[in-house]
Amino acid sequence: MARRRERRVEPSPDRRKERDGTATREEKLGDSDASDRTKRLEPVVTERGLIKTDINFQEILTENSKVAENASQRHYDYPVLAYITPWNSRGYEMAKRFNSKFTHLSPVWYDLKSQGSSLVLEGRHNADKGWMSELRMRGDALVLPRVVLEAVPTEMLKKKKQMDKAIDLIVTECKEMEYDGIVLESWSRWAAYGILHDPDLRNMALKFVKQLGHALHSVRSTKNPEQQLQLVYVIGPPHSERLQQHEFGPEDVLTLSDAVDGFSLMTYDFSGPNNPGPNAPLQWIRFILQLLLGSTANNAQRLAPKVFLGINFYGNDFALSGGSGSKAIIGRDYLSLLEKHRPLLQWEKNSGEHFFVYSDHNNVRHAVFYPSLMSIYMRLEEARSWGTGISIWEIGQGLDYFCHLL
């Protein structure tokens, strides 16, 4: 999920002005306004005055692990999907600890693969039924494991038996393991295979997602018989206003809207090793939402609740000179860098993100972009203004107090 992407083409300043009026949302969400808006958040992040642009490393080191007594209280009214990865056990603990903050939890467990002329669903060995039982005793979050569709698409999509088999494998696994549905990631794989440039195969790809959604909806949840199994579909952000054939656009959202319960939108990885910078500039996020939800109020109002805006809980450490590339960092890496280098944190107003610069033992300069309470808060407010849900990659990579905002 957290893959590198090329820099996106941003909307022109004039187009942004047309959409947002004379003042940008960044300006509307400045420090002076934040104090009023944060009144709905719980005391642990408001009374300490932690949601601000002017922060220092010592504050983060001191406050990040403090958890409020009423940590179960929700503050974000729309769907909140959180990913958990098997290689980061902290995510499992965070899911239990802040269970009531989430509406959907997606452990990254499964891959659907080609095996000769057949298909196989791999990953049940990752599934932790004890963890699921604990979750369900603590709250109502739905468990929708992620399934990555690795199967050769030309075979699977062109042959009805293969398509039916893929759907049957997924639905059967949901029944046997008592899941509440799945999160499916396939569009990026199909794009990598190059099949989305073929109009017929592209239509077959959409047809597969629709059929899977309808098949899941025909099954009732074991946990809650009144609820049908759900399908959340992973989509990447378009590169520009001129959509390419392989990109998932607004027409595709409309096409699948009746069969899909949510679209997990990967609005992160804007920058990469060749173009160091912010992970998800706020104006780029706004542009993507405008592009996908369209300019008509009816479409936006109807479809927005099904879009789960992606928010990263990880960051990047970019080597700026004399070094090779960059690396993704998670909470413990970030805290370690703060302790070691005691840096001056800076607020990048245009992107709405904090960063700092340091030099390593080889005198190579680095720029570190990692989420802060203020950057996450602003993205939640952006999502709230559109009426969208959010999807977090992934909760084990963040700092504890990030969850107070949810």
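Presented here is a report on the structure given in the accompanying data block. As the structure is a computational prediction, the values presented were derived from the model and not from experiment. (Residues numbered from 1 in each chain as written. Predicted model: local features only at pLDDT ≥ 70, side-chain atom pairs only at ≥ 80, totals over all residues. Heavy atoms only, no water.)

Section: the side chain of Glu 173
Consideration 1: Within the secondary structure, Glu 173 is located in helix H9 (residues 160–177).
Consideration 2: Beyond its immediate stretch of four places on either side in the chain, Glu 173 contacts Tyr 110, Leu 121, Arg 124, Glu 178 and Tyr 179. (Helix = DSSP H or I, 4+ residues; strand = E, 2+ residues; numbered from the N terminus. Contact = heavy atoms within 4.5 Å.)

A short note on the packing of helix H13 (residues 282–293) against helix H16 (residues 373–386)
Consideration 1: Contact geometry for H13 and H16: axes closest at 11 Å, N-to-C directions at 20°. Compared by their axis directions, H13 and H16 come out roughly parallel. The handedness of the crossing between H13 and H16 comes out as right-handed. Between H13 and H16, the residues in contact are Leu 282, Ile 285, Arg 286, Leu 289, Gln 290 and Leu 293 and Met 378, Arg 379, Glu 382 and Trp 386, respectively.
Consideration 2: The residue inventory of the contact of H13 with H16, partitioned by class, reads six nonpolar, one polar and three charged. (Axes fitted to C-alpha atoms, helices over the stretch in contact; angles between N-to-C directions. Parallel < 35°, antiparallel > 145°, perpendicular 65-115°, else oblique. Left-handed = near helix turned anticlockwise from the far one by under 90°. Nonpolar A, V, L, I, M, F, W, Y, C, P; charged D, E, K, R; others polar.)

Some points on the packing of helix H6 (residues 90–97) against helix H7 (residues 129–138)
Consideration 1: Between H6 and H7, the least distance of the axes is 9 Å, while the angle of their chain directions is 25°. Taken together, the axes of H6 and H7 are roughly parallel relative to one another. On H7, the residues that touch Tyr 92, Ala 95, Lys 96 and Arg 97 of H6 are Trp 131, Glu 134, Leu 135 and Arg 138.
Consideration 2: Looking at the contact of H6 with H7, its residues break down into four nonpolar, no polar and four charged.

Describing the nonpolar core
Consideration 1: Among the nonpolar cores identified, the biggest contains 109 residues, and Phe 102, Trp 190, Phe 208, Tyr 233, Tyr 334 and Ile 390 are the most heavily contacted of them.
Consideration 2: Not counting residues up to four positions away in its chain, the partners in contact with Phe 102 are Val 80, Ala 82, Met 94, Ala 95, Ala 141, Ile 392, Ile 395, Cys 403 and Leu 406.
Consideration 3: Counting 13 residues, the second-largest nonpolar core is a separate cluster that includes Tyr 83, Leu 144, Phe 308 and Tyr 314. (Core = buried A, V, L, I, M, F, W, Y, C linked by side-chain atoms within 4.5 Å. Buried < 20%, exposed > 50% of the residue type's maximum accessible area, 1.4 Å probe, protein only.)

Some details on the environment of Val 219
Consideration 1: For Val 219, the location among the structural elements is in the loop between helix H11 (199–217) and strand S7 (230–235).
Consideration 2: You can call Val 219 buried: its relative accessible area is 12%.
Consideration 3: Separated by 38 residues in sequence, Val 219 and Gly 181 have C-alpha atoms that sit 9.4 Å apart.
Consideration 4: Not counting the four nearest positions on each side in its chain, Val 219 is found in contact with Val 171, Lys 175, Gln 227, Gln 228 and Leu 229.

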